[in-house]
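# Structural description and commentary
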There are 2 protein chains.
Amino acid sequence: MAKKGASISGFPEWLPQERAIEQQVIDTLREVFELHGFLGIETAAVEMGSSLLKKGETSKEIYLLSRLREFGQDDETPVEEHLGLHFDLTVPLSRYVVENSGAVTFPFKRWQIQKVWRGERPQEGRYREFTQADIDIVGNGSLPEHYEVDAPLVMVEALERLRPFGLPKATVHANNRKLSEGFYRGVGVTDIESVLREVDKLDKISAAEVAQLLQDEAGCSPEQAAACLELAEVTATDSSHLRAAFDQLCEKHGIDKESEAYPLAQQGVETLAMIIDEAARIRPGSVMADLRIARGLDYYTGSVYETFLDGAEKLGSICSGGRYDNLVSQGSRKYPGVGLSIGVTRLISYILHTVQATTSRISPAAVMVAVWNEDERQTSDHIAAQLRQRGIACDVAPTAAKIGKQIKYADHLGIPYVWFPPQAGDPAAEVKPTGHQVKNIISGDQVDADPASWTPAPEYARRAVVVK
Amino acid sequence: MAKKGASISGFPEWLPQERAIEQQVIDTLREVFELHGFLGIETAAVEMGSSLLKKGETSKEIYLLSRLREFGQDDETPVEEHLGLHFDLTVPLSRYVVENSGAVTFPFKRWQIQKVWRGERPQEGRYREFTQADIDIVGNGSLPEHYEVDAPLVMVEALERLRPFGLPKATVHANNRKLSEGFYRGVGVTDIESVLREVDKLDKISAAEVAQLLQDEAGCSPEQAAACLELAEVTATDSSHLRAAFDQLCEKHGIDKESEAYPLAQQGVETLAMIIDEAARIRPGSVMADLRIARGLDYYTGSVYETFLDGAEKLGSICSGGRYDNLVSQGSRKYPGVGLSIGVTRLISYILHTVQATTSRISPAAVMVAVWNEDERQTSDHIAAQLRQRGIACDVAPTAAKIGKQIKYADHLGIPYVWFPPQAGDPAAEVKPTGHQVKNIISGDQVDADPASWTPAPEYARRAVVVK
């Protein structure tokens, strides 16, 4: 990572060789999203405070903006009328869809890769700026259920395409809010949101601690807390197992199939069953039911997803999302959506620091053209132009320094080939070839070459990621 | 553009079909920069207030950030200790170079395409968020002069590559700060910065008005003002013409070749002469000397550039920059640089609204696979997967609606091909083919096709920009 300390805490910056890896990750994600017919958009970095604080949650970690000239004089303006930096790409999408509902085709499939910001207190290991890569499918009035399995499978495919960067296999853990809510109501819990919030802590604290919090914070009885935790222990990779486990728990905790809560839970069970069966058929082992998944955000109404990397569960979920039926509306018209978001910066950090992936070269250039002396620079420039015309990225030596120093420049940047232009008319201190020559400074091979037709060996043609 | 009015003033957002064009412009720029061996980086969106306000210029249009939880309570903290959004990519580069001077190879050639922000009052036609595409070459201690012609020529090549987007020919107008300053001092002017600032207004107000401002604001005599304006009238496309015109003006205004000011001016003349001659040799008609070019920013110390599009001069400069010898330093170590910045958002706006370029299709997908009924969706999904595996972007019909409605979805998104899966076992209301068929809904051609080998016609393979 770019030199620590001097930078601004929480705003990660990468060295060029690290950025080269991030760029390839982003290119790969984009390619997969576009292969699946998602449309790319960008939204403004800012939203109105009123959008960012839909429910007046001033506990949120948001950066508000002030114009320098008004700084300190704009405190009277309500926060809702200030601009703030977006903290995710879902709130901006919802605004974008409403604003452009007459102009886009539904279901609107969009991808978006952008920075988001969290106005947190600076603290070790917390990002205040990071990149997210999102896909969402938003319907007009309704949204077919198949998108609830399509969306996570696109992300699985994208993460699969990142395996050459050293990422372990990813598994999507899916749950359904209706399933959870129906079950909670069935055992008599009323404060659903609080229960979800506490259950969401299971990956950070012990089950016993969560049980206590469920009683202290969410008004559960010890029995209710135990039931909620038993539900959270259920995992399944096929629908029959899921249905059996769920029904067994309902029976154990006395949830009547004739009760109001049961059909709601059942809806969730059936959607989740469809998802894991379909996913197992298309990409076995990619998606499992995991009833522990709660998700912190309150706008989800159905499916919720988190994604973990095998052996890197400590990293937390690297791709999360869900279905939201009520986030976006315009009058009585609703725009239900489903989507997932990859935490790109967290992934890059894993790839750089845990995998310790490197780039095959720092420079995008495959060739550095040497310069015999400054009067002959135009010869070198011309060779470079010829190579570039054929799509071969080239640099030209910065100065007509001793040839060893020029080669060192190429070497520092990992440029594999050095091109030697032919000898010009006047004699020089150094021995020059009489025709064009190109040297692979990694293998040491040096051959005659024609700038109109030479091409680099395939393994040196493009910058690539190297994983040991 | 995305629906007006509802969006936040000054923060442009594009519809997906417009964003598709912006994305292609950005891809093209990046490709050219990488062909020339520039390394891509990204820097944080924020800088310390102290960096943004190097000279305490609180007149600057900057957005400062406050954490929501501290909003209204952080006014006591000096502006210098606040975070602010960067207003260009040069100030971040200078910090990045100093922080990472031990880790990067010099001369450091970097490209950077990012959003920047200006905390302006909202007003019609002014962007408060826009994208810049920058290249810079930064030396360690020194920087060879050839980069002062290399850098603008890379930008000319990049802009040339954008001609298929409907951009007219671009011409770089170059000047040199030393030339201007030497001349101004030669005629007895002392407040150089003020003169530059007023001369910079020549593209907005008349010469007579600038002459008045030079007297009122920059302390010039009428004769000095006249001399400054005569200098600003000089243009040249070759060095002999430039030298002759400059010497004639020096003679006319009594600038002694033995004076202290003349050698400074002469340095500038010679650098500029080199630039226009070299550029004329490599790319005739691409760069001209234009002594009116002043540039608003005070960190330039040598060459300065602005770039205009033929017949679109009203648009202003779309690519500007210069050489800065003192922007970046670390103790006594200096990092002189030269670079230019393309105003991407302004260009996109021109391409969309003046050229009225469109994208050949809204969706990246070349094919939409139809779905006969929901029970057969997996057949369609499988065909899409086969096509994607061979790099053909595909969408699948959102619902098994009547086939006409499915085709309409493809048509709205500009997807050229609709794929019809073969008839399944059970009879259906609609007539289905017995084998795979694919229809080009633009030409109407429908043919038998094999998902393992079919490819779209080349003109339909990729989304492209269409200029009438």
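The rules behind the values
Residues numbered from 1 in each chain as written. Chains lettered and ligands numbered in written order. Predicted model: local features only at pLDDT ≥ 70, side-chain atom pairs only at ≥ 80, totals over all residues. Heavy atoms only, no water. Buried < 20%, exposed > 50% of the residue type's maximum accessible area, 1.4 Å probe, protein only. Helix = DSSP H or I, 4+ residues; strand = E, 2+ residues; numbered from the N terminus. Pairing = 2+ DSSP bridges. Axes fitted to C-alpha atoms, helices over the stretch in contact; angles between N-to-C directions. Contact = heavy atoms within 4.5 Å. Buried area = accessible area lost by both parts, 1.4 Å probe. Salt bridge = Lys/Arg side-chain N within 4 Å of Asp/Glu carboxyl O. Least-squares fit on C-alpha atoms with pLDDT ≥ 70 in both. Polar contact = N/O pair within 3.5 Å; in protein donor to acceptor, adjacent residues only side chain to side chain. Phe/Tyr/Trp six-rings, centres within 6.5 Å; stacked < 30°, edge-to-face > 60°. Lys NZ or Arg CZ within 6 Å of the ring centre and 35° of its normal. Expected span 1.5 Å × (residues − 1). UniProt positions renumbered as here; feature names shortened; annotations may be inferred. Domains from an automatic or database assignment. Arc of directions from axis to C-beta.

Okay, the pairing of strand β6 (residues 129-138) of chain A next. Residues and elements named next belong to chain A. With 10 of 10 residues buried, β6 lies mostly within the body of the structure. Residues Glu129, Thr131, Ala133, Ile135 and Ile137 of β6 are buried on one face, and the alternating residues Phe130, Gln132, Asp134, Asp136 and Val138, pointing to the opposite face, are buried as well. Bridge analysis of strand β5 (residues 108-117) against β6 gives 10 bridges, and the strand direction is antiparallel. What sits directly across from Val116, in β6, is Phe130.

Here the focus is the sheet that holds strand β17 (residues 394-396) of chain B. All names here are of chain B. Reading across from one edge, β17-β16-β18-β19-β20 is the order of the 5 strands in this open sheet, with mixed pairing throughout. Pairing within the sheet leaves two strands with one partner each, and these edge strands are β17 and β20 (446-448). Pairs of neighbouring strands in the sheet enclose a mean axial angle of 25°, with direction left out of account. Relative to β20, strand β19 (residues 437-440) runs antiparallel, the two sharing 3 bridges. Each bridged residue has a counterpart across the sheet, and for Lys439 the counterpart in β20 is Gln446. Its contacts with the sheet place helix α12 (residues 377-389) against β16 (367-369), β17 and β18 (417-420), and it is angled at close to 175° to β17.

All names here are of chain B. Sheet architecture is open: 9 strands sit in the order β1-β5-β6-β14-β11-β10-β7-β9-β8, paired in mixed fashion. A strand with exactly one partner marks an edge of an open sheet, and here the two such strands are β1 (39-40) and β8 (235-236). Strands in contact with helix α4 (residues 147-160) are β6 (129-138), β7 (170-176), β9 (287-290), β10 (303-309), β11 (319-324) and β14 (337-343); relative to β14, the strand with the most contacts, it is inclined by about 20°.

On to the interface of chain B and chain A. With 99 residues of chain B at the interface, the matching set in chain A holds 98 residues. When the area that chain B buries against chain A is broken down by residue, the three leading residues are Arg67, Leu68 and Phe71 of chain B, summing to 9%. Inspection of the region where chain B meets chain A yields 16 salt bridges. Two residues, Arg67 of chain A and Glu61 of chain B, come together in a salt bridge whose shortest N-O distance is 3.5 Å.

Attention shifts here to the relation of the copies chain B and chain A. In this arrangement, two copies of a chain are superimposed by a rotation about an axis accompanied by a shift along the axis. The operation relating chain B to chain A is a screw motion whose rotation component is 180°, with 0.0 Å of axial translation and a residual RMSD of 0.0 Å. As the rotation angle and translation indicate, the two copies are arranged about a two-fold axis. For chain B, the residue whose C-alpha comes nearest the rotation axis is Leu65 of chain B, separated from it by 2.4 Å. Both copies present the same face, since 99% of the interface residues in chain B are matched by interface residues at the equivalent positions in chain A.

Residues and elements named next belong to chain A. Here Ser320 is to be found in strand β11 (residues 319-324). Of note is the side chain of Ser320, whose polar atom sits 2.6 Å from the side chain of Ser317. Apart from the residues lying within four places of it in its own chain, the contact partners of Ser320 are Arg295, Tyr305, Glu306, Gly339, Leu340 and Ser341.

Quick look at the packing of aromatic side chains now. Under the counting rule described, the total for this entry stands at 23 aromatic pairs over all chains. With a centroid separation of 5.0 Å and an interplanar angle of 65°, the aromatic rings of Tyr299 of chain A and Tyr300 of chain A are classed as edge-to-face. An identical accessibility class is assigned to Tyr299 of chain A and Tyr300 of chain A; each is buried. On the basis of an interplanar angle of 35° and a centroid distance of 6.4 Å, the ring pair of Phe11 of chain B and Tyr63 of chain B is categorised as tilted. In this pair, Phe11 of chain B sits in the segment before α1 (16-35) while Tyr63 of chain B sits in strand β3 (residues 63-67), placing the two residues 52 residues apart along the sequence. The exposure class assigned to Phe11 of chain B is buried, which follows from its relative accessible area of 3%. The class for Tyr63 of chain B is buried, based on a relative accessible area of 2%. Ring pairs connect the aromatic residues Tyr417, Trp419, Trp454 and Tyr460 of chain A, which therefore count as one cluster. Sitting over the face of the ring of Phe38 of chain A, Lys109 of chain A holds its NZ or CZ atom 4.8 Å from the ring centroid.

A word on the pattern of salt bridges. Inspection of the entire model under this criterion finds 58 salt bridges over all chains. Asp290 of chain A is the partner of Arg292 of chain A in a salt bridge, and the nearest nitrogen-oxygen pair spans 3.7 Å.

Take α1 of chain B next. All names here are of chain B. For α1, with 20 residues, the first-to-last C-alpha span of 28 Å sits near the 28 Å given by 1.5 Å per residue. Across the 20 residues of α1, 17 count as buried, placing the element largely inside the fold. One or two positions beyond α1, positive phi appears at Gly37, with a value near 80°.

Residue and element names in this part refer to chain A. The UniProt record annotates "binding site: L-histidine" (unreviewed entry) at Asp88, Leu89, Thr90, Arg118, Gln132, Asp136, Arg295, Tyr299 and Tyr300. The residue Asp88 is located in the loop between β4 (83-85) and α3 (90-99) in this model. The contact partners of Asp88, leaving out residues within four places of it in the chain, are Val116, Arg118, Gln132 and Tyr299. Engagement of the side chain of Asp88 in a polar contact is seen with the backbone nitrogen of Thr90, the distance being 3.1 Å. Owing to a relative accessible area of 2%, Asp136 belongs among the buried residues under this scheme. Apart from the residues within four sequence positions on either side, Asp136 is in contact with Phe38, Leu93, Phe108, Lys109, Arg110, Tyr324, Val338 and Gly339. For Asp136, the side chain forms a polar contact with the side chain of Arg110, separated by 3.0 Å.

Residue and element names in this part refer to chain A. Of the consecutive residues Phe106 and Pro107, the connecting peptide bond is found in the cis state with omega at -5°. Along the polypeptide, Pro107 turns up in the loop between α3 and β5. For Gln356, which is not a glycine, the phi torsion comes out positive at approximately 60°. By the element assignment, Gln356 lies in the loop between α11 (344-354) and β15 (358-359). You can call Gln356 exposed: its relative accessible area is 52%.

Moving on to the domain arrangement of chain A. Residues and elements named next belong to chain A. You can read the domains of chain A as domain 1 (16-358) and domain 2 (367-467). Placing the centre of domain 1 and that of domain 2 at their C-alpha centroids yields a distance of 50 Å. Of the residues lining the interface, 9 residues belong to domain 1; the matching set on domain 2 comes to 5 residues. Taking both sides of the interface into account, the surface hidden between domain 1 and domain 2 amounts to around 540 Å²; carbon and sulfur atoms contribute 58%. Of all residues in domain 1, Ala20, Gln24 and Thr358 bury the most surface against domain 2, accounting for 58% of the area lost on that side. The tally of links from domain 1 across to domain 2 stands at 0 salt bridges. Joining domain 1 to domain 2, the criterion identifies 1 residue pair in polar contact (both at pLDDT 80 or more).

On to helix α9 (residues 239-252) of chain B. Each α-helix winds once per 3.6 residues, and so residues spaced three or four apart point in a common direction. Residue and element names in this part refer to chain B. The first and last C-alpha atoms of α9 sit 20 Å apart over 14 residues, in line with the 20 Å expected at 1.5 Å per residue. Here α9 has its buried residues at Ser239, Leu242, Ala245, Phe246, Leu249 and Cys250. Buried residues of α9, viewed axially, fall in a sector of 135°; they line one side. Away from its buried face by more than 90 degrees, α9 exposes Gln248, Glu251 and Lys252. Packed against the buried residues of α9 are α5 (177-186), α8 (222-232), β8, α10 (261-282) and β9. After α9 finishes, the residue Gly254 shows a positive phi value of roughly 65°.

Once that is clear, we can look at the environment of Cys394 of chain B. Relative to the elements of secondary structure, Cys394 of chain B occurs in strand β17. Overall, the relative accessible area of 0% leaves Cys394 of chain B in the buried class. Taking the C-alpha atoms as reference, Cys394 of chain B lies 13 Å from Arg463 of chain B; in sequence the two are 69 residues apart. Excluding anything up to four places from it in sequence, Cys394 of chain B contacts Leu35, His36 and Gly37 of chain A together with Ala365, Val367, Ala384, Leu387 and Arg388 of chain B.

Turning to the pairing of β14 of chain B, a few remarks are in order. Residue and element names in this part refer to chain B. Most of β14 is tucked away: 7 of the 7 residues are buried. With burial as the criterion, each face of β14 is covered, one bearing Gly337, Gly339, Ser341 and Gly343 and the other bearing Val338, Leu340 and Ile342. Of the pairings in the sheet, the one linking β6 to β14 comprises 7 bridges and is antiparallel in character. Among the inter-strand pairings, Ile137 is bridged to a residue of β14, identified as Val338. Across 6 bridges, the pairing between β11 and β14 is antiparallel. Bridging from a neighbouring strand, Ser320 pairs with Ser341 of β14.

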